Amino acid sequence: MEEVIEVYLRPYDSQNTVVCFEESNKQLVKETPTPLPMKPPGVETDKSGVNERYDYEYERNGTCNMFMFSEPLAGWRHVEVTERRTKKDYPKPMKYLVELK
């Protein structure tokens, strides 16, 4: 782990870039209840007012997968979202990265 962290601490070198790759599954949700409205300061609240509030209920709308590349020292990132992560979905972001460089 320490050797990997040392790679991230190297100074920027345009000939030997450090690109990070991350993938993540996310659940897609839709808020179902109507939010409780905001109240201005002094109306049944303390002096600061009350922000809009939501209940915990939601409607499930499936899942998606995100592939993200970033090159922190160069200041760029690229995200691709797919419906799922299959052996057919995985090569597309890798092709993007190879063609970019």
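Each remark here, short or long, concerns the structure printed above.
All values derive from a computational prediction rather than experimental measurement.

Considering the overall build of the protein
- The number of helices and strands found in the protein is two helices and three strands.
- Listed N to C, the secondary structure of the protein is α-β-β-β-α in terms of helices and strands.
- The burial tally for the protein puts 14% of its 101 residues in the buried class.
- If you take every contact in the protein between residues at least 6 apart in sequence, the share linking residues at least 24 apart comes to 57%.
- Counting every atom, the protein has about 8,600 Å² of accessible surface; 52% of that belongs to carbon and sulfur.

Topic: the sheet that holds strand S1 (residues 20-31)
- As summarised here, the arrangement of the three strands in space is S1-S2-S3, forming an open sheet in which the pairing is antiparallel. Each edge of the open sheet carries a strand with a single partner, namely S1 and strand S3 (76-82). Strand-to-strand twist of the sheet, defined as the mean angle between neighbouring strand axes without regard to direction, takes the value 30°.
- As paired strands, strand S2 (residues 58-71) and S3 are joined by seven bridges and run antiparallel to one another.

A closer look at the side chain of Thr 82
- Along the chain, the position of Thr 82 falls in strand S3.
- With a relative accessible area of 14%, Thr 82 lands in the buried category.
- A polar side-chain atom of Thr 82 sits 2.7 Å from the main-chain carbonyl oxygen of Arg 84.
- Those residues in contact with Thr 82 that lie beyond four places of it in its chain are Cys 64, Asn 65, Phe 67 and Asp 89.

Reading the values: rules and limits
- Residues numbered from 1 in each chain as written.
- Predicted model: local features only at pLDDT ≥ 70, side-chain atom pairs only at ≥ 80, totals over all residues.
- Heavy atoms only, no water.
- Helix = DSSP H or I, 4+ residues; strand = E, 2+ residues; numbered from the N terminus.
- Buried < 20%, exposed > 50% of the residue type's maximum accessible area, 1.4 Å probe, protein only.
- Contact = heavy atoms within 4.5 Å.
- Areas by Shrake-Rupley, 256 points an atom, 1.4 Å probe, with all protein chains shown as cover.
- Pairing = 2+ DSSP bridges.
- Axes fitted to C-alpha atoms, helices over the stretch in contact; angles between N-to-C directions.
- Polar contact = N/O pair within 3.5 Å; in protein donor to acceptor, adjacent residues only side chain to side chain.

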